[in-house]
Amino acid sequence: MEEEIVLRAQNGDTDAFRMLVERYGPNAWRVARILLPQREQAEDALQEAWVDIWRGLPRFDVSRPLYPWLLTIVGNRCRMYRRSMSEPTQSLAPALAESLPDHHDAIAEVATRESDVALRAALMTLTPEERELLTLRYQADLQLAEIAALYEIPLSTVKSRLYRTL
């Protein structure tokens, strides 16, 4: 079924592509929000990723699974967006800085609501990369192979990092 939809989309069928977006959109959105916690950034990166997917679809090998390929594109687009946003910054006036909302990643937010003090303390000792890995695995519910594809690293590396983090 999926292969047929992909083939139709490869031939320019926008309805077939819309079906792929509807099927994979929610998971792609969760991944983008984990990699880019600010909603507007995630929306922009994901929109650009869907354009990249549409453009790359004619070259996609339908004998391979679509989802890991799609996640890789979403992850790459999010990393590109994060790099483009890391331009030199200037300090804000203290009064202005105090008035801005504080943005937390998903694990930190969960940790603040967690009633288990020991768990909350443990989560807050993790690096941002470790929290991101846990969030992708347990909040976005990605399989280890999908995380490996997303980061473009070997599956064994994902397994060892997750094991050490846990």
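Structure: see above.
Residues numbered from 1 in each chain as written. Predicted model: local features only at pLDDT ≥ 70, side-chain atom pairs only at ≥ 80, totals over all residues. Heavy atoms only, no water.

### A word on the overall build of the chain
Part 1 of the reasoning: Within the chain one finds 10 helices and zero strands.
Part 2 of the reasoning: For the chain, the proportion of contacts with a sequence separation of at least 24, taken over those separated by at least 6, is 59%.
Part 3 of the reasoning: For the chain, the exposed area adds up to about 10,400 Å²; of that, 53% sits on carbon and sulfur atoms. (Helix = DSSP H or I, 4+ residues; strand = E, 2+ residues; numbered from the N terminus. Contact = heavy atoms within 4.5 Å. Areas by Shrake-Rupley, 256 points an atom, 1.4 Å probe, with all protein chains shown as cover.)

### What to know about unusual backbone geometry
Part 1 of the reasoning: The phi angle at Asp141 is positive, at roughly 60 degrees, despite the residue not being glycine.
Part 2 of the reasoning: Structurally, the position occupied by Asp141 is in the loop between α8 (128–139) and α9 (144–151).
Part 3 of the reasoning: In this structure Asp141 comes out as exposed when scored by relative accessible area, which is 52%.
Part 4 of the reasoning: Although it is not a glycine, Glu152 adopts a positive phi angle of roughly 60 degrees. (Buried < 20%, exposed > 50% of the residue type's maximum accessible area, 1.4 Å probe, protein only.)

### Brief notes about the pattern of salt bridges
Part 1 of the reasoning: Inspection of every chain in the model, using the stated rule, returns seven salt bridges.
Part 2 of the reasoning: Note that Glu132 is salt-bridged to Arg82, the shortest N-O span being 3.8 Å. In this pair, Glu132 sits in helix α8 while Arg82 sits in helix α4 (residues 66–85), placing the two residues 50 residues apart along the sequence.
Part 3 of the reasoning: Residue class for Arg82 comes out partly exposed when judged on its relative accessible area of 36%. (Salt bridge = Lys/Arg side-chain N within 4 Å of Asp/Glu carboxyl O.)

### Details of the environment of Arg79
Part 1 of the reasoning: Summarising the element assignment, Arg79 is placed in helix α4.
Part 2 of the reasoning: Sequence separation between Arg79 and Ala32 is 47 residues, and the spatial gap between their C-alpha atoms is 9.7 Å.

### Some points on the packing of aromatic side chains
Part 1 of the reasoning: One pass over the full model with this rule turns up four aromatic pairs.
Part 2 of the reasoning: Plain terms: the ring middles of Phe17 and Trp50 are 6.0 Å apart, the flat faces sit at 85 degrees to each other, and that makes the pair edge-to-face. In this pair, Phe17 sits in helix α2 (residues 14–35) while Trp50 sits in helix α3 (residues 39–56), placing the two residues 33 residues apart along the sequence.
Part 3 of the reasoning: On the basis of relative accessibility, which here comes to 12%, the residue Phe17 falls in the buried class.
Part 4 of the reasoning: Aromatic side chains Tyr24 and Tyr67 sit 5.3 Å apart centroid to centroid with 25 degrees between the ring planes, which places their arrangement in the stacked category. Of this pair, Tyr24 sits in helix α2 while Tyr67 sits in helix α4, and the two are 43 residues apart along the sequence. The same class applies to Tyr24 and to Tyr67, which are both buried.
Part 5 of the reasoning: In textbook terms, an aromatic cluster arises when at least three aromatic residues are bridged by ring pairs, as seen for Phe17, Trp50 and Trp54.
Part 6 of the reasoning: Over the ring of Tyr138 we find Arg137, and its NZ or CZ is 5.4 Å from the ring centre. (Phe/Tyr/Trp six-rings, centres within 6.5 Å; stacked < 30°, edge-to-face > 60°. Lys NZ or Arg CZ within 6 Å of the ring centre and 35° of its normal.)

### Some words on the environment of Glu130
Part 1 of the reasoning: Note that Glu130 resides in helix α8.
Part 2 of the reasoning: Note on Glu130: relative accessible area 26%, which makes it partly exposed.
Part 3 of the reasoning: Separated by 36 residues in sequence, Glu130 and Leu166 have C-alpha atoms that sit 9.1 Å apart.
Part 4 of the reasoning: Of the polar contacts made by the side chain of Glu130, one reaches the backbone nitrogen of Thr127; its length is 2.8 Å. (Polar contact = N/O pair within 3.5 Å; in protein donor to acceptor, adjacent residues only side chain to side chain.)

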